[in-house]
Amino acid sequence: MSEIKGISYYLPKEIITNDQLSELFPEWSVQKIADKVGIKNRYIVDNDQCASDLAFEAATKLFDELNIKPESIDFLLLCTQSPDYFLPTTACLLQNRLGIPTTAGALDFNLGCSGFIYGLSLANSLIKAGEAKNVLLITAETYSKFIDARDKGNRTIFGDAAAACLVTKSDRDQISSFVYGTDGTGGQNLIVKYGGMRNRNAVEADEDCLDEESGLLHRKGTLEMKGAEIFNFTIKVVPSTVSKILDKAGLTIDDISLFVFHQANRYILEHLRKKMGIPEEKFYYFMEDCGNTVSSTIPIALHHALKEKNLNSGDKIMLLGFGVGYSWGGCLLTV
Amino acid sequence: MDLHKFVSNFESAIGGVKPGSLNPKTAFHSEIEYWDSLATLSVLAMIDMEYNTSIRADELIECNTIEDVFNLANNSQD
């Protein structure tokens with residue numbers, strides 16, 4: 001059995017405020033849109049900073065806060081879609097940099113907004129199978145490097161971050177009722193088409209193309225997101241996944257003390273909350289100061305929720321991630 | 001589904017327009033000055049909440065008038 005011992009996170013230094021976005025895009029009602037999506041600031045890396053740098057800072061902070069030594073880690077899982085290199089595996093570089101023993105296992109896995117849930121599932125399974133005792137799960141993204149400077153929509157929403165979470169062997173079964181989902185038909189709706197092996201033509205990647213949904217130009221090699229299609233995906237899968245998790249645990253919505261979902265944007269989450277009839281006080285938001293940090297939104301929100309909300313031992317928290325892939329997953333945490 | 005109620009729901013969803021200022025023939029992409037991707041999303045959210053159905057985002061983008069959107073939503077309920 002396993003439990004979460006602690007979560008820490010790190011945001012890069014450079015802050016982008018709504019005022020700054022307004023100055024960059026004077027023709028655009030940034031404030032109105034930012035109010036609607038519930039984001040005031042986002043933090044982005046500088047040119048020299050990569051996912052591993054954010055991951056290192058988050059993990060170091062976690063070690064300090066929990067007063068544990070890197071030597072105690074026997075497995076490192078890193079969730080990222082913006083690795084430092086194609087190869088080697090970023091988790092291998094982090095093993096060395098963090099001083100994690102060479103006897104530890106380490107791997108990267110490529111998922112976005114659902115990544116933390118899948119990481120928890122992997123950590124939980126490794127521990128239950130007796131393969132590891134202390135799993136360091138890190139989520140780290142630098143989506144800002146994927147986004148075209150002219151893409152005001154995505155620049156408003158996304159921020160860079162890393163979160164580090166220690167999952168350990170325990171006498172109690174804190175993490176349970178996993179439900180997963182995958183639908184690759186949505187792959188094209190959130191994509192960076194160039195840079196991988198499918199399209200290696202770097203010249204074409206720099207050509208402009210028009211996004212029909214937003215009416216904005218962006219370079220072909222940058223991040224493309226069809227927000228409205230993704231919204232349709234979330235209203236289809238999120239309510240049914242919540243039901244499946246509840247069914248698996250034999251619980252109802254009333255039995256859940258807190259819902260911590262992927263912080264996609266406030267507008268989408270408010271719609272989902274109302275649609276599912278979840279009371280406002282049970283639905284946690286943490287995106288105003290850092291935006292949508294992809295796989296780190298759930299651990300960041302959970303870190304704050306555990307501090308701010310007066311949860312009692314035995315209370316249930318539902319975690320749910322959904323997005324790029326499409327990929328989604330959820331589970332329950334017992335406080 | 002009632003067309004006039006749909007137009008009124010459409011107005012509430014996108015916000016920033018006077019009630020009664022839009023009609024079924026309004027070509028919303030061009031006639032609503034600040035139409036953006038968030039407005040598209042708001043219409044999808046309204047159709048989901050009020051009519052418990054969904055239409056494809058690319059089909060919504062291709063619609064010309066509010067009545068076109070109404071027809072899509074109406075057909076999706078069948």
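Residues numbered from 1 in each chain as written. Chains lettered and ligands numbered in written order. Predicted model: local features only at pLDDT ≥ 70, side-chain atom pairs only at ≥ 80, totals over all residues.

### A word on the overall build of chain B
Threshold: The secondary structure listing takes helices from DSSP runs of H or I that are at least 4 residues long and strands from runs of E that are at least 2 residues long, numbered from the N terminus. The quantity called the radius of gyration is restricted to C-alpha atoms. Its globule counterpart is 2.2 Å times the number of residues to the power 0.38. Remark: C-beta atoms are placed from the backbone, and a residue is labelled buried if 20 or more other C-beta atoms sit within 10 Å of its own, exposed if 12 or fewer do, or partly exposed between those counts. Residue pairs qualify as contacts under a 7 Å threshold applied to their C-beta atoms, which are placed from the backbone.
What chain B contains, in helices and strands, is 5 helices and 0 strands. Mapped in sequence order, the helices and strands of chain B form the string α-α-α-α-α. Here the C-alpha radius of gyration of chain B, 11 Å, is about what a compact globule of 78 residues would show, namely 12 Å. Counting only C-alpha atoms and orienting by the principal axes, one finds that chain B spans roughly 30 × 25 × 20 Å. Expressed as a percentage of its 78 residues, the buried residues of chain B come to 33%. Relative to all contacts within chain B whose residues are 6 or more apart in sequence, the contacts with residues 24 or more apart total 51%.

### Some details on the nonpolar core
The tendency in soluble globular proteins is for nonpolar side chains to be buried as a group. Residues and elements named next belong to chain A. Counted only if it meets this: Defined on buried residues, the nonpolar core groups Ala, Val, Leu, Ile, Met, Phe, Trp, Tyr and Cys residues joined through C-beta atoms within 7 Å.
Counting 121 residues, the largest nonpolar core has Ala 55, Ala 58, Leu 76 and Ala 162 as the members making the most contacts within it. Per-element accounting of this core gives the leading share, 9 residues, to helix α8 (residues 227-249). Sequence-distant contacts of Leu 76, defined by excluding residues within four places in its chain, comprise Ala 91, Leu 94, Gln 95, Ile 100, Ala 104, Ala 106 and Leu 136.

### Let's talk about the packing of helix α1 (residues 3-14) of chain B against helix α3 (residues 37-51) of chain B
Residues and elements named next belong to chain B. Defined as follows: Where helices are involved, their axes are fitted lines through C-alpha atoms of the stretch in contact, as for all axes, and angles between N-to-C directions lie from 0 to 180°. Put simply, angles under 35 degrees are roughly parallel, angles over 145 are roughly antiparallel, angles from 65 to 115 are roughly perpendicular, and the rest are oblique. Should the near helix be turned counterclockwise from the far one by less than a right angle, the crossing is left-handed, whereas a clockwise turn marks it as right-handed. Note that Gly is not counted as nonpolar here; it falls among the polar residues with everything else outside the nonpolar set of Ala, Val, Leu, Ile, Met, Phe, Trp, Tyr, Cys and Pro and the charged set of Asp, Glu, Lys and Arg.
Taken N-terminus to C-terminus, the directions of α1 and α3 make an angle of 130°; their axes are 9 Å apart at the nearest point. When the axes of α1 and α3 are compared, the pair comes out oblique. Handedness of the α1/α3 crossing: right-handed. Across the interface between the two elements, Asn 9, Phe 10, Ala 13 and Ile 14 from α1 touch Ala 39, Ser 42, Val 43, Ala 45, Met 46 and Glu 50 from α3. For the contact of α1 with α3, the residue count by class is 7 nonpolar, 2 polar and 1 charged.

### Brief notes about the packing of α8(A) against helix α9 (residues 266-276) of chain A
Residues and elements named next belong to chain A. Following both chains from N to C, one finds α8 and α9 inclined at 40°, their axes separated by 10 Å at the closest point. Considering their axes alone, α8 and α9 lie oblique with respect to each other. Viewed along their axes, α8 and α9 form a crossing whose handedness is right-handed. Facing Phe 231, Thr 234, Ile 235, Val 238, Pro 239 and Val 242 of α8, the residues of α9 in contact are Ile 268, Leu 272, Lys 275 and Met 276.

### Some points on the sheet that holds strand β8 (residues 175-182) of chain A
Residue and element names in this part refer to chain A. Formally: Note on pairing: two strands pair once DSSP finds at least 2 bridges between them.
On the basis of which strands lie adjacent, the open sheet formed by 4 strands has the order β8-β15-β14-β13 and mixed pairing. One side of each edge strand has no neighbouring strand; the edge strands of this open sheet are β8 and β13 (258-261). Geometrically, the sheet is characterised by an average inter-axis angle of 15° between neighbouring strands, direction not taken into account. Pairing of strand β14 (residues 316-323) with strand β15 (residues 327-334) involves 8 bridges; the strand directions are antiparallel. Across the sheet, the residue bridging to Gly 321 is Gly 329, located in β15. Strands in contact with helix α5 (residues 115-128) are β8, β14 and β15; relative to β15, the strand with the most contacts, it is inclined by about 60°. Those strands touched by helix α10 (residues 297-308) are β13 and β14, and its axis lies near 150° from that of β13.

### Observations regarding α5(A)
All names here are of chain A. The condition that has to hold: To estimate how far a helix should reach, multiply one less than its number of residues by 1.5 Å.
The terminal C-alpha atoms of α5, which comprises 14 residues, lie 20 Å apart, in line with the 20 Å expected from a rise of 1.5 Å per residue. Where burial is concerned, most of α5 is hidden: 10 out of the 14 residues are buried. Of the residues trailing α5, Gly 130 is marked for its positive phi of about 80°.

### Description of unusual backbone geometry
Residues and elements named next belong to chain A. A cis amide bond links Leu 87 with the next residue in sequence, Pro 88, at an omega value of 5°. Unusually for a residue other than glycine, Asn 67 sits at a positive phi of about 55°. With respect to the helices and strands, Asn 67 occurs in the loop between α3 (51-66) and β4 (75-79).

### Let's talk about the interface of chain A and chain B
The partner chain B presents 12 residues to the 17 residues of chain A that form the contact. When residues of the side of chain A that touches chain B are traced back to their parent elements, those giving at least two are α2 (30-37), α8 and α9 of chain A. For the side of chain A that touches chain B, the leading source of residues is α8(A), giving 6 residues.

### Section: the sheet that holds β4(A)
Residue and element names in this part refer to chain A. The strand order across the open sheet formed by 5 strands is β1-β7-β6-β4-β5, and the pairing between neighbours is mixed. Edge positions in the sheet fall to β1 (2-10) and β5 (105-109), since each has one partner strand and no second. For this sheet the average axis-to-axis angle between neighbouring strands, irrespective of direction, equals 15°. Two strands pair when backbone bridges link them, and strand β6 (residues 134-141) and strand β7 (residues 161-169) are joined in this way by 8 bridges, in the antiparallel orientation. When the sheet's bridge partners are listed, Asn 134 is paired in β7 with Thr 168.

### Description of the domain arrangement of chain A
Residue and element names in this part refer to chain A. Selection criterion: Start and end points for every domain follow an automatic or database-based domain assignment.
Per the domain assignment, the segments of chain A are domain 1 (2-172) and domain 2 (177-188 + 226-334). Spacing between the C-alpha centres of domain 1 and domain 2 amounts to 18 Å. Contacts between the two partners involve 34 residues from domain 1, matched on the other side by 34 residues from domain 2. Of all the secondary-structure elements, those providing two or more residues to the side of domain 1 that touches domain 2 are β1, α2, β3 (41-44), α5, β6 and β7. The dominant element in the side of domain 1 that touches domain 2, judged by the number of residues it contributes, is α5, at 6 residues. Class assignment of the residues belonging to the side of domain 1 that touches domain 2 gives a composition of 21 nonpolar, 8 polar and 5 charged.

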